[in-house]
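A look at the structure
Below are the chains, spelled out letter by letter.
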Amino acid sequence: MAERGPPVADTDLREFAAIAGRKVVGRPVGGPFVNADKVLLIARDDKGFPAIAASIGFSARQSLPPPPPGTLAVVRLHQRSETIVPGPTPDDLAFVATNKLPLFVIGEWARPAPMWEVAWIDGAVRFRTIGEVGEIGPWQE
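A brief report on the enclosed structure follows. Keep in mind the model is a prediction, meaning the values are calculated, not measured.

**Focus: the overall build of the protein**
In terms of regular secondary structure, the protein is built from two helices and six strands. Of the regular secondary structure in the protein, the N- to C-terminal order runs α-β-β-β-α-β-β-β. Considering only C-alpha atoms, the protein reaches an extent of 35 × 35 × 30 Å along its principal axes. Residue burial in the protein is summarised as follows: out of 141 residues, 44% are buried.

Dropping the structure here:
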């Protein structure tokens, strides 16, 4: 697999993450974790199209490890809001700061499920909302 992509996702990766991520909202997570988040690793297939390289349940209380080489973006679906104002958690922001890799956060606690894109831009972590029909909000710190 190729090395990691740019710190801000390409448009097709963002659109794929929004569609693929929202398709798994509300689906149960199997495995040993009672309060598991769903995590999707996004890469490109052999034709260059976005694809889900892995889909796993991950403890909601655990920081994500660095993804394997070839991962271009990560989608994390949180079952519960952990912040006062809904949005990415401090853990989500730290993941992007450490890995310089786009992270899409989807909140399963509401319908329609809210979504944020978190990216490394100009030496800092920034995030923005991704609306249900593709509208994109401004970058925030």
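On we go.
**Let's talk about the pairing of strand β6 (residues 124–129)**
When a strand is regular, its side chains alternate between the sheet's two faces. Inspection of the sheet shows strand β5 (residues 115–121) paired to β6 by six bridges, in the antiparallel sense. Residue pairing for β6: W116 is matched across the bridge by T129. In this antiparallel pair of consecutive strands, β5 and β6, the connection spans two residues, and D122 shows a positive phi of 50°.

**A closer look at the nonpolar core**
Within the largest apolar cluster, 17 residues are counted, with the highest numbers of intra-cluster contacts made by I42, V75, L77, F104, I106 and M115. Listing elements by their share of this core, those giving two or more residues are α1 (11–23), β1 (36–44), β3 (73–78) and β4 (103–107). Those residues in contact with L77 that sit more than four places away from it in its chain are G21, V24, V25, D37, K38, I106 and E108. Of all hydrophobic cores here, the second largest spans 14 residues; its members include L64, L101, L103 and V105.

Reading guide: rules and limits
- Residues numbered from 1 in each chain as written.
- Predicted model: local features only at pLDDT ≥ 70, side-chain atom pairs only at ≥ 80, totals over all residues.
- Heavy atoms only, no water.
- Helix = DSSP H or I, 4+ residues; strand = E, 2+ residues; numbered from the N terminus.
- Buried < 20%, exposed > 50% of the residue type's maximum accessible area, 1.4 Å probe, protein only.
- Pairing = 2+ DSSP bridges.
- Core = buried A, V, L, I, M, F, W, Y, C linked by side-chain atoms within 4.5 Å.
- Contact = heavy atoms within 4.5 Å.

Geometry only, nothing functional implied.
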